[in-house]
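A look at the structure
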Amino acid sequence: MKAIIFDLDGTLVDSMGYWRSVSKDFMKTKGIDIEDDLQHKMTTMSLRTSLKFLKDYYNLDESFEELYQGFSETVIDFYSNKVKLKDNAIEILKYFKSKGIKVVIGTSTAKHFADIVIKKYGMDKLVDGLYTVDSVGHIKGEEKFFTSITDFLGEKPEDVYLVDDSYLALKTARSAGLKTVGIYDENSKDKWKIVVEENKYAITNLIELKNI
């Protein structure tokens with residue numbers, strides 16, 4: 001292992017329930033109930049991409065900017081005041097940092113949102129970089145998202161690990177040649193069996209990464 005990529009939402013911070021509920025609640029105000037498969041697909045997208053997807057998929061009347069503004073205000077409040085870390089998140093970041101392993105975050109969340117929680121909990125001092133789908137130019141459902149990060153790190157994909165709760169992101173990273181570690185999150189428990197079956201490593205607490 002030369003480097004490790006941590007997902008943010010559902011991996012380092014306990015926020016996936018929020019993302020699911022805010023999307024569902026928002027769409028319910030428009031008389032729409034988002035299907036579970038769409039929710040899983042959206043976990044690999046940025047907020048902008050997922051809103052464009054919802055606008056087109058459901059043919060919403062509002063402009064994109066109106067949709068984005070409404071979402072942005074609630075997201076900023078959540079990351080600033082409500083989001084909590086996953087158990088042992090700081091300890092495991094410190095652990096890999098002490099081992100001389102490159103530690104980065106790879107997320108679908110926009111940088112200006114992610115920075116709020118990363119700086120709030122001091123994670124910015126423990127990671128070597130933050131890569132978002134916007135900064136990389138590919139969603140997490142595309143292999144180029146992961147190979148671009150390994151290129152930025154100057155490492156071969158097979159020397160880089162991904163820790164993520166999304167089975168789609170894990171599947172894509174494996175296809176790109178990375179080693180993958182699935183982590184349990186209550187909000188994606190319906191896919192946990194698939195994560196366990198498809199990944200060499202599957203953990204329920206970040207501290208278990210010390211054993212890999």
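In what follows, the accompanying structure is described. (Residues numbered from 1 in each chain as written. Predicted model: local features only at pLDDT ≥ 70, side-chain atom pairs only at ≥ 80, totals over all residues. Heavy atoms only, no water.)

What to know about empty space enclosed by the protein
We apply this condition: Grid points spaced at 1 Å and placed over the protein atoms alone form the basis of the search, with a cavity being a set where a 1.4 Å probe fits but cannot get out and a pocket an open set showing protein on both sides within 12 Å along at least five of seven lines. Lining residues have an atom within 4 Å of a point. Grid points are joined across faces, edges and corners, and a volume is the space filled by probe spheres set on the points. In this classification, the charged set is Asp, Glu, Lys and Arg, the nonpolar set is Ala, Val, Leu, Ile, Met, Phe, Trp, Tyr, Cys and Pro, and all remaining amino acids, among them Gly, are polar.
Under the definition given, this model contains 2 cavities of 30 Å³ or more. Roughly 40 Å³ of internal volume is contained in the second largest cavity. Around the second largest cavity, the lining residues are Asp165, Ile183, Tyr184, Asp185, Ser188, Lys191, Trp192 and Val195. Of the residues assigned to the lining of the second largest cavity, the class counts are 4 nonpolar, 1 polar and 3 charged.

A short note on the pairing of strand 7 (residues 179–183)
Rule in force here: The buried label applies to any residue whose accessible area, calculated with a 1.4 Å probe on protein chains only, is under 20% of its type's maximum; exposed applies above 50%, and partly exposed to all values in between. By the criteria applied, helices consist of DSSP H or I runs no shorter than four residues and strands consist of E runs no shorter than two, each listed in order from the N terminus. Here a strand pair is declared whenever DSSP counts at least two bridges between the two strands. The handedness rule is simple: strands pointing away from the viewer, and a clockwise path from the first strand over the helix to the second, make the crossover right-handed.
Burial of strand 7 is extensive: 4 of the 5 residues sit out of reach of the surface. Pairing geometry for strand 6 (residues 160–164) and strand 7, over 4 bridges, is parallel. Directly across from Leu162, in strand 7, lies its bridge partner Thr180. Remark: the strand 6/helix 9 (residues 167–175)/strand 7 crossover connection has right-handed handedness.

Brief notes about the pattern of salt bridges
Defined as follows: One speaks of a salt bridge when a side-chain nitrogen belonging to Lys or Arg is within 4 Å of a carboxyl oxygen belonging to Asp or Glu.
In this structure the tally under the stated criterion is 12 salt bridges. Between Asp77 and Lys82 there is a salt bridge, with the nearest N and O atoms lying 3.0 Å from each other. Residue classification places Lys82 among the partly exposed positions, given a relative accessible area of 48%. With its nearest N and O atoms 2.9 Å apart, the salt bridge here joins Glu155 to Lys102. One end of the pair, Glu155, is in the loop between helix 8 (143–153) and strand 6; the other, Lys102, is in strand 4 (residues 102–107), and 53 residues separate them in sequence. Salt bridges sharing partners connect three or more residues here, namely Asp7, Lys140 and Asp164.

Some words on helix 8
The test is simple: Two residues form a contact once any of their heavy atoms are found within 4.5 Å.
Restricting attention to buried positions, one finds in helix 8 the residues Phe145, Phe146, Thr147, Ser148, Ile149, Thr150 and Leu153. Elements in contact with the buried residues of helix 8: strand 1 (3–6), strand 4, strand 5 (129–132), helix 7 (133–136), strand 6 and helix 9. Backbone geometry just after helix 8 places Gly154 at a positive phi near 70°.

Quick word on unusual backbone geometry
In this structure, Asn59 is a non-glycine residue whose phi angle is positive, near 55°. Tracing the sequence through the fold places Asn59 in the loop between helix 3 (47–57) and helix 4 (64–81).

Overview of the environment of Glu143
Position of Glu143 relative to the elements: it lies in helix 8. By relative accessible area, which is 39% here, Glu143 ends up partly exposed. In the structure, Glu143 is positioned 121 residues away from Val22 in sequence and 28 Å away in space, judged by C-alpha atoms. If near-sequence neighbours (up to four positions away) are discounted, Glu143 is found in contact with Thr172, Ser175 and Ala176.

A look at the packing of aromatic side chains
Operational definition: Think of it this way: a Phe, Tyr or Trp ring, Trp meaning its six-membered ring, pairs with another when their centres are within 6.5 Å, and the plane angle makes it stacked under 30 degrees, edge-to-face over 60, tilted otherwise. In this scheme, the term charge over a ring applies when either NZ of a lysine or CZ of an arginine sits within 6 Å of the ring centre and within 35 degrees of the ring normal.
Following the criterion strictly, the structure yields 10 aromatic pairs and no others. Relative to Tyr201, the ring of Tyr161 has its centre 6.3 Å away and its plane inclined at 35°; by these criteria the two rings are tilted. Linking Tyr161 in strand 6 with Tyr201 in strand 8 (residues 201–203), this pair joins segments that are 40 residues apart in sequence. Among the aromatic residues, those joined into a cluster by ring pairs are Phe6, Tyr95 and Phe96. One Lys or Arg, Arg48, reaches over the ring of Tyr68 and ends 4.1 Å from the middle of that ring. In this arrangement the basic side chain of Lys52 is found over the ring face of Phe64, its NZ or CZ atom lying 5.3 Å from the centre.

Some thoughts on a negative patch on the surface
Quick note on the threshold: Each patch is built from residues that are more than 30% exposed by relative accessible area and take part in no salt bridge. Like charges join if they lie within 9 Å; nonpolar side chains (Val, Leu, Ile, Met, Phe, Trp, Tyr) join within 5 Å. Accessible surface is estimated by sampling points in the Shrake-Rupley manner with a 1.4 Å probe; for residues, cover comes only from the protein chains shown. His residues and chain termini do not enter the charge count, which takes Lys and Arg as positive and Asp and Glu as negative. To locate a charge, take NZ of a lysine, CZ of an arginine, CG of an aspartate or CD of a glutamate.
A contiguous patch of negative charge on the surface is contributed by Glu35, Asp36, Asp37 and Asp190. Here Asp37 lies in helix 2 (residues 36–42). Judged by its relative accessible area of 59%, Asp37 is exposed.

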